[in-house]
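Close look at the chain arrangement
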Amino acid sequence: MNPIVIVVGIVCLVVGAGIAYFAVSSSSSSKVKEADQRLADAQKEAERIAADAQRDAETAKKTALVETREEILQLRQKSDAEEKKRKSEISAMEQRVLQREESLDKRSDTLDRKEHQLSSLQGQLDSRKREIDALYQKQTSELERVASLTREDAKQELLDRVRQDTVREEAQILRDSEQRVRAQADKTAREIVSTAIQRCAADQAGEITVTSVHIPSDDLKGRIIGREGRNIRAFEQISGVSLVIDDTPETVVLSSFNPVRRETARVALENLIADGRIHPARIEEMYKKAEKLVNERVQEAGETAAFDAGIHDLHPELIKTLGALKYRTSFGQNVLEHSIQVSALCGLMAEELGMDPAAAKRAGLLHDLGKAIDHEVEGPHAVIGADLCRRYGEKADIVHAVEAHHADVEPQTVLDVLVQAADAISAARPGARRESAENYIKRLERLEEIANAHDGVERTYAMQAGRELHVMVKPEQISDAESTVLAHDIAQQIEDEMEYPGQVRVVVIRESRAVGVAK
């Protein structure tokens, strides 16, 4: 039942009860009649209200039913569309699965046919293999019977012959190759070395043209630069040296190809920093003082070098140029100390050969003189040094020895060869140039390790500062032809696995001794 109807009924009952109560309590009949009339009117009103409520309820119910049916219809249509779409997708998937199954069936049939064919072929191959094995066994037995040798003995004999022939041919090929290579070795080596020097010039230039100067604090960098750069411009114009100021903490860099000028600039800059007054006039004053000081040091270094070498009649300009080598390095080796050492070596070797040691010392001391000015004069330093010696009155044999020490001209005298040998010895001496003692020892150990790894090697010695490797072999295991091959193999392995200055000569020594005792 509708709740509205119930509510209207309850209202009517309450009104009726009230009217009845009023009628009972009234003392007059008129009031009773009036109450009856009112009760009748109230009942009619209640019935009318109930009827209206009933109609409203029916209308609301019908409206709700219509809305519900429309919503159900919309949901059904949406569900039907989704179901239709899903059925379409399922149908497409089923079609693809069917196609895939057909493809797999075809592939399976193809594989079955191929498997059948392979099985057939495998049977034929097995049959052929059995026939071949039987024929091989028969032929092997027949050959062993004819040759009176087993298969292993025949195989070993064949391998021994092939090995001997191969070793002889290899040794002959190596000898022929070495002869052909020696014919072009000097020319090719010079071309390779000159090309390598040209390509690596940048690293060496960077190494010998830069000097770092320590400053107490980075605040000084601004004072060195000056207002609008006037101090740094004045310094570079006066000294002829580039002053590089970057983000490196507490460091400025001086750059110049002239080592004496770079040293002068360094001394001047350090004095300016210590003084604290940095302006163009002070820079010029300090540079003149530093120039005088460095010139005195250069002169003193040249005189000391000449005195140590026992030479007392050098031209003053040659002494001054010689002293400039104090600030010149080559591969980390000080050129002035190198020249003094070459002078001593030349003198010692000249005495052993019965030559004049004074001339040999003189040529050795002056041989690298051109390196002091090779940044100013174009050409090889040996030729530049020879021109200097010729200009200041040195003898012709001294001049030629200086010019020939790097084969810029052909050596003609024993003195020329002495200077070349002493120069090579000083440069190649362990520790003379940039190679630590630890790396040097490791290189020697690695040379011996490579040689000892080969069969038949008894002992190995690294000689001549690692430039020669003596390999002692067991004569019962290594023949003369195999010795040539072994030397080539060791040299090739050293080339492939190691880095070293110059060249390494591998000498394989095979020695047989027979000892008899007379009693």
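Residues numbered from 1 in each chain as written. Predicted model: local features only at pLDDT ≥ 70, side-chain atom pairs only at ≥ 80, totals over all residues. Heavy atoms only, no water.

1. Things to note about the overall build of the chain
Broken down by element type, the chain carries 16 helices and eight strands. Put simply, the chain has 519 residues, and 29% of those count as buried. Of the contacts formed within the chain by residues at least 6 apart in sequence, a portion of 58% connects residues at least 24 apart. Looking at the chain as shown, the accessible area adds up to about 34,800 Å², and 53% of this sits on carbon and sulfur atoms. (Helix = DSSP H or I, 4+ residues; strand = E, 2+ residues; numbered from the N terminus. Buried < 20%, exposed > 50% of the residue type's maximum accessible area, 1.4 Å probe, protein only. Contact = heavy atoms within 4.5 Å. Areas by Shrake-Rupley, 256 points an atom, 1.4 Å probe, with all protein chains shown as cover.)

2. Re the pattern of salt bridges
As enumerated under the stated definition, the model contains 24 salt bridges in all. The salt bridge involving R266 is made with E270; its shortest N-O contact spans 2.8 Å. Placement of both R266 and E270 in helix α7 (residues 259-275) is noted, with a separation of four residues, approximately one turn of the helix. The salt bridge partner of E394 is R362, with a shortest N-O separation of 2.6 Å. Pair noted here: E394 is in the loop between α12 (381-391) and α13 (396-404) and R362 is in helix α11 (residues 357-366), with a separation of 32 residues, a long-range link. For E394, a relative accessible area of 11% puts it in the buried group. Taking relative accessible area as the criterion, R362 reaches 14% and is therefore assigned buried. Within the structure, one salt-bridge network assembled from shared partners comprises D275, R277, R282, E285 and K289. (Salt bridge = Lys/Arg side-chain N within 4 Å of Asp/Glu carboxyl O.)

3. Concerning helix α8 (residues 280-309)
Here α8 contains 30 residues, and its C-alpha end-to-end distance of 43 Å stays within 8% of the 44 Å for a straight helix at 1.5 Å per residue. Those residues of α8 not exposed but buried are R282, I283, M286, Y287, A290, V294, V298, A301, G302, A305, A306 and A309. Tucked inside the fold, the buried residues of α8 contact α6 (230-239), α7, α9 (316-324), α10 (335-352) and α11. G310, located one to two residues past α8, shows a positive phi value of around 80°. (Expected span 1.5 Å × (residues − 1).)

4. A few points about the confidence of the model for the chain
Here the chain shows a mean pLDDT of 80. Residues at 70 or above account for 84%. Taking the mean pLDDT of every element in the chain, the minimum, 38, falls on helix α4 (residues 201-208) and the maximum, 90, on α13. Every residue in residues 192-207 is under pLDDT 50, and counting partners more than four places away or in other chains gives seven contacts. (pLDDT = per-residue confidence, 0-100.)

5. Description of a negative patch on the surface
Together, E101, E102, D105, D109, D112 and E115 line one region of the surface with negative charge. Position of E101 relative to the elements: it lies in helix α2 (residues 29-147). A relative accessible area of 41% means that E101 is categorised as partly exposed. (Patch = residues over 30% accessible without salt bridge, like charges linked within 9 Å, V, L, I, M, F, W, Y side chains within 5 Å. Lys, Arg positive; Asp, Glu negative; His and termini not counted. Charge placed at Lys NZ, Arg CZ, Asp CG, Glu CD.)

6. A closer look at the nonpolar core
Counting 44 residues, the largest nonpolar core has L314, L322, L365, L366 and L369 as its most contacted members. Of all the secondary-structure elements, those providing two or more residues to this core are α7, α8, α9, α10, α11, α12, α13 and α14 (414-428). Looking at this core element by element, the count peaks at eight residues for α8. Excluding residues within four positions of it along the chain, L369 makes contact with L318, T321, L322, L325, G385, L388 and C389. (Core = buried A, V, L, I, M, F, W, Y, C linked by side-chain atoms within 4.5 Å.)

7. Structural notes on unusual backbone geometry
For E228, which is not glycine, the phi dihedral falls at a positive 55°. By secondary structure assignment, the location of E228 is in the loop between α5 (219-225) and α6. Of note, E250 is a non-glycine position whose phi angle comes to about 55°, a positive value. By the secondary structure assignment, E250 is in the loop between β2 (242-244) and β3 (251-255).

8. Re α12
For α12, the set of buried residues is H381, A382, I384, G385, A386, L388 and C389. Where α12 is buried, its residues touch α9, α11 and α13. One or two residues past the end of α12 sits G393, with phi positive at roughly 85°.

9. Looking at the sheet that holds strand β7 (residues 468-473)
Taking strand neighbours across the sheet as the criterion, the three strands line up as β6-β7-β8 in an open arrangement whose pairing is mixed. Strand pairing shows two members of the sheet lacking a second neighbour, β6 (457-463) and β8 (505-510), which therefore form its edges. Averaged over all pairs of adjacent strands, the angle between their axes in this sheet comes to 20°, without regard to strand direction. Lying over the sheet, helix α16 (residues 480-497) contacts β6, β7 and β8, oriented at roughly 155° with respect to β8. (Pairing = 2+ DSSP bridges. Axes fitted to C-alpha atoms, helices over the stretch in contact; angles between N-to-C directions.)

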